[in-house]
Amino acid sequence: MVDYDFIVNLLSAMIRNATPIALAAIGAVVCERSGVVNIAMEGIMTVGAFVAAIVAGATGNPWIGLLAAIFFGGLFSLIHAFATVSLHLDHVVSGAVLNVLALGITSYLMIMIVGHPGTTNPVPVGLGDYRWAIPVLSSIPVLGPMFFNQTPIVYFSFILIGVFTWFLSKTKLGLHVRASGEHPLALETIGVSVYKMRYFGVLVSGLVGGMAGAYLSIESNVSFTEGMTGGRGFIAMAAMISGGWHPIGAFIAALFFGLADALQVRFQVFEIARVPEEFFIILPYVLTVVAVAGLVRRSRPPKADGVDFMIERSED
Amino acid sequence: MAQPILETRHIVKQFPKVLANDDINLTLNQGEILCLLGENGAGKSTLMNVLYGLYKPTSGTIVLDGEEVEFSSPRDAIDRGLGMVHQHFMLVDTLTVTENIILGSEPGRGPQIDYRTARQQVKELSERHGLRIDPDAKIMNLSVGLQQRVEILKALYRQAKILILDEPTAVLTPQEVEEFFAVVRGLRDNGVSIIIITHKLEEVKAISDRVYILRRGRIEGERRTADVSKEDLANLMVGRAVVLTVEKSDHQAKQEPVFEIDDLRVLDDREVAVVDGLSLDVRPGEVVGIAGVDGNGQSELAEAIMGLRSVAGGSLKHLGEDIKDLTTKERIHRRISYVPADRHRYGLVLPFTVAENIAMGYHDRAPNASGGGMRLNYSAMEEQATRLIKDFDIRTPGPLAPASHLSGGNQQKVILAREFTRNPSFLLVSQPTRGLDVGAIEYIHSQILAMRDQDVGVLLISLELEEIFGLADRILVLYEGAIVKEFVASETDEREVGFYMTGGKKEQSA
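Bear in mind the structure is a predicted one, so any value in this text is a computation, not a measurement.

Conventions used here
- Residues numbered from 1 in each chain as written.
- Chains lettered and ligands numbered in written order.
- Predicted model: local features only at pLDDT ≥ 70, side-chain atom pairs only at ≥ 80, totals over all residues.
- Heavy atoms only, no water.
- Helix = DSSP H or I, 4+ residues; strand = E, 2+ residues; numbered from the N terminus.
- Rg over C-alpha atoms; globule rule 2.2 N^0.38 Å.
- Buried < 20%, exposed > 50% of the residue type's maximum accessible area, 1.4 Å probe, protein only.
- Contact = heavy atoms within 4.5 Å.
- Areas by Shrake-Rupley, 256 points an atom, 1.4 Å probe, with all protein chains shown as cover.
- Lys, Arg positive; Asp, Glu negative; His and termini not counted.
- Charge placed at Lys NZ, Arg CZ, Asp CG, Glu CD.
- Buried area = accessible area lost by both parts, 1.4 Å probe.
- Salt bridge = Lys/Arg side-chain N within 4 Å of Asp/Glu carboxyl O.
- Polar contact = N/O pair within 3.5 Å; in protein donor to acceptor, adjacent residues only side chain to side chain.
- Nonpolar A, V, L, I, M, F, W, Y, C, P; charged D, E, K, R; others polar.
- Core = buried A, V, L, I, M, F, W, Y, C linked by side-chain atoms within 4.5 Å.
- Expected span 1.5 Å × (residues − 1).
- Pairing = 2+ DSSP bridges.
- Axes fitted to C-alpha atoms, helices over the stretch in contact; angles between N-to-C directions.
- Phe/Tyr/Trp six-rings, centres within 6.5 Å; stacked < 30°, edge-to-face > 60°.
- Parallel < 35°, antiparallel > 145°, perpendicular 65-115°, else oblique.
- Left-handed = near helix turned anticlockwise from the far one by under 90°.

1. Regarding the overall build of chain B
Along the backbone of chain B there are 17 helices and 22 strands. A globule of 510 residues ought to have a C-alpha radius of gyration of about 24 Å, and chain B, at 25 Å, matches this closely. Projecting the C-alpha coordinates of chain B onto the three principal axes gives extents of approximately 70 × 50 × 45 Å. Taken across its 510 residues, chain B has 55% of its residues classed as buried. Nonlocal contacts in chain B, meaning residues at least 24 apart in sequence, comprise 67% of its contacts between residues at least 6 apart. Summed over its atoms, the accessible surface of chain B is roughly 22300 Å², and 46% of this surface lies on carbon and sulfur atoms. When the 59 basic and 76 acidic side-chain charges of chain B are each reduced to a single mean position, those positions are 2 Å apart.

This is the structure:
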């Protein structure tokens, strides 16, 4: 039962399952490093998934669907930025509201646009139809099929993990983002706007979260189903925390959750133990709790994460 | 002789309720060290924030190099050669020295930072000004003195010609203060003009060429430092004659200690032993002062004594009985009084009224409550508060005003009124005058000495050496969680104590 094909299938399923979590997690990393707590990733992904399916269905072009998902994910996240940065609302409250809002908007628009609740019609072409095997690299045993014979957004996620790591550690803007999450007043007093940095951080999480949503609806699936995010936005939070607020750490943590997800499907199929299948379904979520409880003590959040910043420039 | 580099003309800053600056005219000359002396709330910081572009003045102008300027953000001020070192450092703990210095003005083309050039520039800059620093060290691993050095370098990196220093010595040890003065003089000799904001008279005398005295938002006077005495400065600052050092009478302490600590061990939140092997005793009728640099276990020691933090080893004895396992409430009811260092977090419930704050701790017993603490007696609380407001000269609209409406000095008096009138046998006082001005300090010090004269055992924890010397009969030096040296206050001086505060090591050369 456990042979080469099983391992390869399991591992590439791990990568696929990890992709939306990793994308949402690295977006949240940039957001929280700028000092804004973002528990709205679930809602942003829902918006992205919905928009991607609708636009890809209407235009027949999944790439336009992807761009629309990214755009609307970003737009949706700006509500969070406006609420937390400009209106100084509590970050967790705003995030929770956005999650509920995303559910509400999408079910409303399902009726308005699709005409019924539940699932949209399948898109004519999905991004899952583009499978790019990278020459030479894809023929490496195990690693080849895992990493180099995948679909577009999976590759994008690899690229973005590298880009975000470089961005945070090597660029001027990245340094400003980090300072904004650690000691915002220090940044403001040398003349860089904390508000702008925080808007930027939130926007990045929205754009990437939109992409993560599109992955769910038009790459690993062919349609949008209400509730299809299934808590992945929250698992992404766990990945971000377990990964120590670092893109690569978050990616590794996402892989772990991806593996748990891939395993639970296989446990169900092979009936390895005489346990109700529901038990396996909860496995990734249980692991989330365990991982966060175990790792959270050691990883340190940005000091001003979730701390409101207000310039005392009292205009008279 | 020197020409003015910076002038303010008729600066007025009106906040919704307060007139913080009222017609301020001052001149800073090229290459001089200017002090701006004033009590808290005199408008010093407001004025500096106006100069630095954080606040917009209501009216008036700033003239820089003979040219009228208007700053709409700190960026403008920085671009015009102003640098500011804030009282609370604006440094990011998790970043390196280099990253902090270049923040906002990073070298390198395009989006990427050229870290090699940055390091090089920081090195050159620190060598040029004799401010040695490791460019790759993380801020959190540096001492406060070195952090201040980074702040100064940060301003110099932006080519500051005018440096504003806000309460620069508040957090430094005596050795660091001397080093700091040397650095400031060096900067002046390199052509930097300097404004120091302070409420410390010694500082004015030690470093400045000229001084402006600010009171209630107005300039009270301008003096050449050489021509003015400390007493005159104090009188100008407060607006009345003040006693700088409260007279300490001789008082014979009793023999039998009221409070004993033996081999105490306390862990901090990271489970590191920050108080380790600490022993001391306090006798009735003496003030024992604990001197030490911040972060050597002071707050953990105070919390352990009051039962706010568990003890990992050793014993705490009050009147001969071990109180280690008692709750905070039980300790308070044993007549142990406590004036905490952070009055906002631990001393007061800010939204509660003055009367409620005074009753707190004894709120469950007569006269504040009846029926076994089930019913609060507000009229009794109010009556008690009214009496104490008078006794302690607390400036408040009344006993029912929320504590948050009071000034820092008056808030501290509320705590004193509560703690000192409960007939304590042992009194733990931590940083009693932090952030308070000369007038309030004078009052609080005299109250503490009055407690001593009533045969209360007082343990004073303070970061201000001056305060320790003004009050303590015995001085214990706390270093890395243990008492490393004991002095009789009258037989030592600040230099000697300061030497042991830094671990008795040779001071770092500048």
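2. Overview of the interface of chain A and chain B
Each partner contributes to the interface: chain A provides 26 residues, whereas chain B provides 36 residues. Between chain A and chain B, a total of about 2500 Å² is buried, with carbon and sulfur atoms accounting for 58% of that surface. Taken together, the connections running from chain A to chain B amount to two salt bridges. Here Glu99(B) ties to Arg178(A) by a salt bridge, and the two come within 3.3 Å at their closest N and O atoms. Applying the counting criterion to the chain A and chain B interface returns 13 residue pairs in polar contact (both at pLDDT 80 or more). At the level of secondary structure, the elements contributing two or more residues to the side of chain A that touches chain B comprise helix 6 (152–170), helix 7 (172–182) and helix 8 (184–189) of chain A. Grouping the amino acids of the side of chain A that touches chain B by side-chain chemistry returns eight nonpolar, seven polar and 11 charged.

3. Focus on the nonpolar core
In this structure, Leu6(B), Met48(B), Ile152(B), Leu163(B), Leu165(B) and Ile194(B) are the most contacted members of the largest nonpolar core, which totals 166 residues. For this core, the element with the most residues is helix 1 (residues 4–33) of chain A, which contributes 13 residues. With 45 residues, the next largest nonpolar core counts Ile415(B), Val458(B), Ile468(B) and Val477(B) among its residues.

4. Comments concerning the side chain of Arg178(A)
With respect to the helices and strands, Arg178(A) occurs in helix 7. Accessibility expressed as a relative area gives 11% for Arg178(A), which makes it buried. Of note is the side chain of Arg178(A), whose polar atom sits 3.3 Å from the side chain of Glu99(B). The residues touching Arg178(A), leaving out its near neighbours within four places in the chain, are Arg33(A), Leu168(A), Ser169(A), Leu95(B), Glu99(B) and Tyr115(B).

5. Focus: helix 6 of chain A
In this model, helix 6 of chain A (19 residues) spans 27 Å end to end at C-alpha, consistent with the 27 Å of a helix rising 1.5 Å per residue. Of all the residues in helix 6 of chain A, the buried ones are Pro152(A), Ile153(A), Val154(A), Tyr155(A), Ser157(A), Leu160(A), Ile161(A), Phe164(A), Thr165(A), Phe167(A) and Leu168(A).

6. Overview of the sheet that holds strand 3 (residues 33–38) of chain B
Residue and element names in this part refer to chain B. Taking strand neighbours across the sheet as the criterion, the six strands line up as 6-7-8-3-9-10 in an open arrangement whose pairing is mixed. The sheet is open, and its two borders are formed by strand 6 (82–85) and strand 10 (218–224), each paired with just one other strand. Averaged over all pairs of adjacent strands, the angle between their axes in this sheet comes to 20°, without regard to strand direction. In terms of strand pairing, strand 3 meets strand 9 (residues 210–215) through five bridges, oriented parallel. Paired with Leu-34 across the bridge in strand 9 is Arg-210. Lying over the sheet, helix 6 (residues 174–189) contacts strand 3, strand 7 (162–166) and strand 8 (193–198), oriented at roughly 145° with respect to strand 8.

7. Overview of the packing of aromatic side chains
Residues and elements named next belong to chain A. For the structure shown, the criterion picks out 17 aromatic pairs over all chains. An angle of 75° between the planes, with centres 6.2 Å apart, marks the rings of Phe-158 and Phe-251 as edge-to-face. On the criterion of sequence distance, the pair formed by Phe-158 in helix 6 and Phe-251 in helix 11 (residues 247–270) is long-range, its members being 93 residues apart. By way of ring pairs, the aromatic residues Trp-63, Tyr-130, Trp-132, Phe-147, Phe-148, Tyr-155, Phe-158 and Phe-251 are connected into one cluster.

8. Thoughts on the sheet that holds strand 15 (residues 321–322) of chain B
The pairing of strands in a sheet comes from backbone hydrogen bonds and takes either a parallel or an antiparallel form. All names here are of chain B. With antiparallel pairing, the four strands of this open sheet are ordered in space as 12-11-14-15. A strand with exactly one partner marks an edge of an open sheet, and here the two such strands are strand 12 (273–282) and strand 15. Note: strand 14 (residues 311–318) against strand 15, two bridges, orientation antiparallel. In the strand pairing of strand 15, Lys-317 is matched with Asp-322. In the packing of helix 9 (residues 298–306) onto the sheet, contacts are made with strand 11 (259–267), strand 12 and strand 14, and the angle to strand 11 comes to roughly 120°.

9. Digging into the pattern of salt bridges
Residue and element names in this part refer to chain B. In the structure shown here, the tally under the stated rule is 35 salt bridges over all chains. Notably, a salt bridge pairs Asp-276 with Arg-265, separated by 3.7 Å at the nearest N-O pair. Of this pair, Asp-276 sits in strand 12 while Arg-265 is found in strand 11, placing the two residues 11 residues apart along the sequence. Relative accessible area serves as the criterion here: at 37%, Asp-276 is assigned to the partly exposed category.

10. Section: the packing of helix 1 of chain A against helix 6 of chain A
In a pair of packed helices, the angle between the axes and the distance between the axes together describe the arrangement. Residues and elements named next belong to chain A. Following both chains from N to C, one finds helix 1 and helix 6 inclined at 25°, their axes separated by 9 Å at the closest point. As far as their axial angle goes, helix 6 and helix 1 are roughly parallel. Here helix 1 runs over helix 6; the crossing is left-handed. Along its contact with helix 1, which presents Ile-15, Thr-19, Leu-23, Ile-26, Gly-27, Val-29, Val-30 and Arg-33, the element helix 6 presents Ile-153, Val-154, Ser-157, Phe-158, Leu-160, Ile-161, Phe-164, Phe-167 and Leu-168. In terms of residue class, the contact of helix 1 with helix 6 is built from 13 nonpolar, three polar and one charged.

11. Overview of the environment of Gly233(A)
Residues and elements named next belong to chain A. Summarising the element assignment, Gly-233 is placed in helix 10 (residues 232–242). Among the residues examined, Gly-233 registers a relative accessible area of 1% and is labelled buried. Sequence separation between Gly-233 and Gly-104 is 129 residues, and the spatial gap between their C-alpha atoms is 17 Å. When sequence neighbours within four positions are dropped, the list of residues in contact with Gly-233 reads Met-41, Glu-42 and Met-45.

12. Concerning the environment of Lys205(B)
Residue and element names in this part refer to chain B. By the element assignment, Lys-205 lies in helix 7 (residues 201–207). The exposure class assigned to Lys-205 is partly exposed, which follows from its relative accessible area of 33%. For the pair Lys-205 and Lys-230, spaced 25 residues apart in the sequence, the C-alpha separation amounts to 7.4 Å. From its side chain, Lys-205 meets the backbone oxygen of Thr-225 in a polar contact 3.2 Å long. A distance of 2.6 Å separates a polar atom in the side chain of Lys-205 from the backbone oxygen of Val-228.

Shape is all these values report; function is a separate question.
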